[in-house]
Amino acid sequence: MRYDWKAAPAIFAALSSYYLYSGRDLSTSLILAVTIPLVPYLIIAIFNQFRKGNRSISSLLSIYFFLFGLLFPLLNSAAFVAISYVTEKQHISVEFLAYSMLGSAVTLLTLVPFLILCVELVRNHSSKNHIKFDREIRSSKPSDISFKLWLALSLIPLLCGFVFANDIELTFICLIVFMIIGTGIGKHGLLLPLVISTLTSLAINFVNIDRVNSQQLLDSNFYGFQLIMLIIIMLSYRLAYYVLRNHEIMQEKISSERLDPYTGLFNITQLKDDIKNKDKVVLIYLNLTPTLSKISDIGHEGQTLLIQQLQKQLNNFGYIERCYRPPFSLGILGFCQQSDATQDKFKKMTDYLDSFQFYRGNTSIGLVDPTLHFINVTNEMSIEHVISHLCDQPCLIDTPLNWVEAPLLEEQVSNLSYIQNIFKNNLFELNCQPYCNLTDKNSKQHSFEVLVRVKLNDGDVLHPSEFFPLIGQFGLETRLDQWVVYNTFKLLNEKVGDWEIISKCAINLTAKSLGNPSLAKNLLAMASKFHIPLNKICFEITESSALQNEQQAIDTISTLRKAGAKIALDDFGTGYASFSYLRRLPLDILKIDGEFIRDLPSNEIDRLIVSSISSVAKELALETVAEFVETSVHMDILEELDITYAQGYGIAKPRPLVDFLSQINGQ
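Since the structure is predicted, the reported quantities are computational estimates derived from the model, not experimental observations. Residues take numbers from 1 onward in each chain, read along the sequence in its written order. With pLDDT at 70 or above as the cut-off, local features in this predicted model cover only qualifying residues; side-chain atom pairs require 80 or more to be listed or tallied, and sums for whole chains, interfaces and linings still use all residues. Calculation of side-chain values draws on the structure's entire complement of heavy atoms; hydrogens and water are dropped beforehand.

Draft legend 1. Structural detail: the overall build of the protein chain. Only DSSP runs of H or I reaching four residues or more are called helices, and only runs of E reaching two or more are called strands; each is numbered from the N terminus. Counting its regular elements, the protein chain contains 25 helices and 17 strands. What the globule rule says is 2.2 Å times the number of residues to the power 0.38, and the radius of gyration is computed from C-alpha atoms. Since a compact globule built from 667 residues should have a radius of gyration of about 26 Å, the 40 Å found for the protein chain marks it as more spread out than a globular shape. Projected onto the principal axes, the alpha-carbon positions of the protein chain cover approximately 130 × 55 × 45 Å. In the protein chain, which comprises 667 residues, the proportion classed as buried is 44%. Nonlocal contacts in the protein chain, meaning residues at least 24 apart in sequence, comprise 71% of its contacts between residues at least 6 apart. Calculation of accessible area relied on Shrake-Rupley with a 1.4 Å probe; when residues are assessed, cover is drawn exclusively from the protein chains displayed. Accessible area of the protein chain: about 34900 Å², with a carbon and sulfur share of 57%. Burial here depends on accessible area, computed with a 1.4 Å probe over protein chains only, as a share of the maximum for the residue type. Under 20% is buried, over 50% is exposed, and the range in between is partly exposed. Whether two residues are in contact is decided by their heavy atoms, any of which lying within 4.5 Å being enough.

Quick look at the structure:
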């Protein structure tokens, strides 16, 4: 069945030797050796054609039963009669034909599948697949009482029959055991019932054939037992078909519910099922955001293709059995069980990811800063919570392996409740920090940056470094940005009577907010509601993380600039606010990071960096703002370097926005 016509020479040689040894002449032996295998080869060829199609196991079982259990015995017996008559002018008796058909049907339905299974089990890869499939079907465990009882009722009568019973009694016991075996098909898998039923059928055949040989008589008892056994086997096949079909229907349903139709990745529900009975599980997460952010123009089709190629390669790698898609994340999840060789496996995986190439069209690219994040999982943990914590890890540079500490659920729930309470009770307070215009120190117009603090009920004030990490942890940046803009506009509307006294009011927007398609529309609606002249407003892009949707950010910035607002790039020179953004983002102002300003009087390198930024800004017709200006010496140097504005404690300390607006309006 496996080797098709490649096995023909061996079969021909074996049959020729057999027929010659049985006393037939050479020509007859050769004719029989050639013609006898024709029917088996025809049936096998038909079955192999069905196997090549994308057919379910249950349908293949039905086809096997029909071809080998019914069609083959009939055709083979008819062919044998015709060949015997042509070659040897012999007439085959009806009793022999019945014996031949019953014997071949029983053999092909029990012994042949058993032998095929034995061959497959010798082959490591195939044996794993068979055992895995049997475990999927099986609903019992070796420790279950029902399994132990079924196994005992199947084996003990056979052993007792061989020891104590005569031939007829042993045959009768075997037939009863056959029926008991049938009750375990599906519940106790398929492999074990197949093995026991094969041993039972061999026992029946051995006893009956031995009795026939000793009596030299094919009596009605022999045919009766063979027929009953064949009927039981046929019913077992029917039962196995229903078990397999129900399993396939269930798997199809599970696949439709648990398989992402676009990427082919399983969801978290499947992951939970896969690891629930495993110990020392390590979850593995590969974040694809650094790569996809660089090739955002490939669209969903390209992203799907990348994930599919990675999934295929990771599965072939052998350390990850399945890949899963985490919700609300651009990445791939997997798991493995920890062992002494785990660390070496992870190192090999990172080496592979470094060499991975994504092929699309005529081009290929590698992964950008691939980092594998790992976390140990125990049965007591909430998988959803662990996955959320794992997938929230920041993108790392030159860090191929990152072990993540398990999250403290109680602490995180407490933090979420804490930050939600701040929003609910409106505990945010608007502050501001004025600028100094270095190009016109006598200017009557005021420029300032709006800051946000949290004022607790006990009077304590929290600075951004104390609460903003929680804002980012729970993804509340956009909500906070909109609160700040709304309340700033409202306060400006209430306190500013003459807009000529204001040059620039700077308001921070996070990278996450800029990726919101409705941001510009909402900001313009707020400005319209509170009659805010947008030419007095400057929106600062704060870059604690890269722009995840750069094109959307550019569209938002362009809309705001078209409406009159100015755009500043904060923390320029460090992190993600680099020179590359100058080429892509429409900007009006650069805010030089305080890292280059703090030691400006004593550090010549900082002076050169600030000077180069100033030169680039002038060439691009951009204004500049220096942060962390603390002394008059700083101001003098910045003035020499043609910096437009200075901001820092040396200019003015932060103060409540309402007080500052009242002061400049003479209230």
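From this point on, the discussion continues.
Draft legend 2. Structural detail: unusual backbone geometry. Phi at Asp571 is positive, roughly 55°, even though this residue is not glycine. Along the chain, Asp571 turns up in strand E13 (residues 566-572). By relative accessible area, which is 24% here, Asp571 ends up partly exposed. Non-glycine residue Asp642 carries a positive phi angle of around 65°. Looking at the element boundaries, Asp642 is found in the loop between helix H24 (632-640) and strand E16 (645-646).

Draft legend 3. Quick peek at the nonpolar core. Within this scheme, the nonpolar core is defined by two criteria: the residues are buried Ala, Val, Leu, Ile, Met, Phe, Trp, Tyr or Cys, and they are joined through side-chain atoms within 4.5 Å. Core analysis: the biggest nonpolar cluster contains 78 residues, and Phe428, Phe448, Phe489, Leu492, Phe539 and Leu638 have the highest contact counts within it. For this core, the element with the highest residue contribution is helix H18 (residues 477-495), accounting for 7 residues. Ignoring any residue separated from it by four or fewer positions in sequence, one finds Leu492 in contact with Phe448, Trp499, Ile502, Cys505, Ile532, Ile537 and Leu661. Of all hydrophobic cores here, the second largest spans 44 residues; its members include Leu109, Ile185, Met229 and Leu230.

Draft legend 4. Main features of the side chain of His634. Here His634 is to be found in helix H24. Contacts described as polar in this section are N or O atom pairs within 3.5 Å, which, within protein, must combine one atom able to donate a hydrogen with one able to accept it, while residues neighboring in sequence count only if both atoms come from side chains. Reaching out from His634, the side chain makes a polar contact with the backbone oxygen of Ile597 at a distance of 3.2 Å. With sequence-adjacent residues up to four places away left out, His634 is seen in contact with Ile597, Arg598, Leu600, Pro601, Phe628 and Val629.

Draft legend 5. Looking closely at the packing of aromatic side chains. Two rings from Phe, Tyr or Trp (for Trp, the six-membered ring) form a pair when their centres sit within 6.5 Å of each other. Planes less than 30 degrees apart are called stacked, planes more than 60 degrees apart edge-to-face, and all others tilted. Under the defined criterion, the tally for this structure stands at 17 aromatic pairs. Pairing Phe47 with Tyr64 gives two aromatic rings, centres 5.7 Å apart and planes at 75°, and the pair type is edge-to-face. Here Tyr64 lies in helix H4 (residues 57-88) and Phe47 lies in helix H3 (residues 38-52), a separation of 17 residues in the sequence. Here the aromatic residues Phe47, Tyr64 and Phe68 are joined through ring pairs into a cluster of three or more. A ring has a charge above it when a Lys NZ or an Arg CZ is no more than 6 Å from the ring centre and no more than 35 degrees off the ring normal. In this arrangement the basic side chain of Arg479 is found over the ring face of Phe423, its NZ or CZ atom lying 4.2 Å from the centre.

Draft legend 6. Just the sheet that holds strand E1 (residues 281-287), in detail. Whether two strands pair depends on DSSP finding at least two bridges between them. Taken in spatial order, the 4 strands make up an open sheet running E2-E1-E5-E6, and their pairing is mixed. Since the sheet does not close on itself, it has two edges, and those belong to strand E2 (331-337) and strand E6 (401-403), each with one partner. Across the sheet, the mean angle from the axis of one strand to that of its neighbour is 25°, orientation sign disregarded. Here strand E5 (residues 372-377) runs beside E6; their pairing, made up of 3 bridges, is parallel. Note on E6: the bridge partner recorded for His373 is Asn402. In this analysis an axis means a line fitted to C-alpha atoms, helices contributing only their contacting stretch, and an angle means the value between N-to-C directions, from 0 to 180 degrees.

Draft legend 7. Region of interest: the pattern of salt bridges. Each salt bridge in this description consists of a side-chain nitrogen of Lys or Arg and a carboxyl oxygen of Asp or Glu lying within 4 Å of one another. Scanning the model with the defined rule gives 15 salt bridges in all. For the salt bridge of Glu627 with Lys591, the shortest nitrogen-to-oxygen distance reads 3.5 Å. Placement of Glu627 in the loop between strand E15 (623-626) and H24 and of Lys591 in strand E14 (residues 589-592) is noted, with a sequence separation of 36 residues between them. Residue classification places Glu627 among the buried residues on the basis of a relative accessible area of 9%. Given the relative accessible area of 0%, Lys591 is considered buried. For Lys618, the salt bridge is made with Asp642, and the minimal N-O distance between the two is 2.9 Å. With a gap of 24 residues between them, Lys618 in helix H23 (residues 604-619) and Asp642 in the loop between H24 and E16 connect regions that are remote in the sequence.

Draft legend 8. Quick peek at the side chain of Gln270. Structurally, Gln270 can be placed in helix H11 (residues 268-275). There is a polar contact of 2.9 Å between the side chain of Gln270 and the side chain of Asp274. Once residues within four sequence positions are removed from consideration, Gln270 is found in contact with Ile254, Arg258, Arg322 and Tyr324.

Draft legend 9. Up close: empty space enclosed by the protein. With a 1 Å grid spanning the protein atoms alone, the term cavity applies to any set of points in which a 1.4 Å probe fits but cannot get out, the term pocket to an open set with protein on both sides within 12 Å along at least five of seven lines, and the term lining residue to any residue with an atom within 4 Å of a point. Grid points are joined across faces, edges and corners, and a volume is the space filled by probe spheres set on the points. Under the counting rule described, the total for this entry stands at 2 cavities of 30 Å³ or more. Estimated volume of the largest cavity: approximately 50 Å³. Lining the largest cavity we find Ile284, Tyr285, Leu286, Leu314, Ile320, Ile332, Leu333, Gly334, Met349 and Leu372. Among the elements of the structure, E1 and E2 are those that each provide at least two residues to the lining of the largest cavity. Across the lining of the largest cavity, the residue classes tally to 9 nonpolar, 1 polar and no charged. Looking at the second largest cavity, its volume works out to about 40 Å³. Lining of the second largest cavity is provided by Asn287, Pro290, Asp369, Thr371, His373, Cys395 and Leu396. Residues are sorted three ways: Asp, Glu, Lys and Arg are charged, Ala, Val, Leu, Ile, Met, Phe, Trp, Tyr, Cys and Pro are nonpolar, and all the rest, Gly among them, are polar. Taken together, the residues of the lining of the second largest cavity break down into 3 nonpolar, 3 polar and 1 charged.

Draft legend 10. Summary view of the packing of H18 against helix H20 (residues 519-529). Remark: H18 packs on H20, axes separated minimally by 9 Å, with the N-to-C direction vectors making an angle of 20°. Taken together, the axis directions place H18 and H20 in an arrangement best described as roughly parallel. Where H18 crosses over H20, the handedness of that crossing is right-handed. Counted together, Gln482, Val485, Tyr486 and Phe489 of H18 and Leu519, Asn522, Leu523, Met526, Ala527 and Lys529 of H20 form the full contact between these two elements. Should an angle fall under 35 degrees it is called roughly parallel, over 145 degrees roughly antiparallel, and 65 to 115 degrees roughly perpendicular, with every other angle called oblique. Should the near helix be turned counterclockwise from the far one by less than a right angle, the crossing is left-handed, whereas a clockwise turn marks it as right-handed.

Draft legend 11. Structural detail: H3. The span expected for a helix works out to 1.5 Å for each residue beyond the first. Given a rise of 1.5 Å per residue, 15 residues ought to cover 21 Å, and the 21 Å separating the end C-alpha atoms of H3 matches this to within 8%. Taken together, the buried positions of H3 are occupied by Val39, Tyr41, Ile43, Ile44, Phe47 and Asn48.

Draft legend 12. Local environment of the environment of Ser27. In this fold, Ser27 is placed in helix H2 (residues 26-35). Residue Ser27 is classed as partly exposed on the basis of its relative accessible area of 47%.

Draft legend 13. Structural detail: the pairing of strand E4 (residues 363-366). In this sheet, E4 lies alongside strand E3 (residues 357-360) in antiparallel orientation, the contact comprising 4 bridges. In the strand pairing of E4, Tyr359 is matched with Ser364. The hairpin turn running from E3 into E4, its antiparallel successor, is 2 residues long, and Gly361 in that turn takes a positive phi close to 65°.

Draft legend 14. Spatial organisation of the pairing of strand E7 (residues 428-434). Counted residue by residue, E7 has 6 buried out of 7 residues, so it is predominantly covered. With 7 bridges connecting them, E7 and strand E9 (residues 446-455) associate as antiparallel partners. Bridge pairing in E9 links Gln433 to Glu449. Where E7 lies against strand E17 (residues 655-656), 2 bridges are found, and the strand directions are antiparallel. When the sheet's bridge partners are listed, Cys432 is paired in E17 with Arg655.

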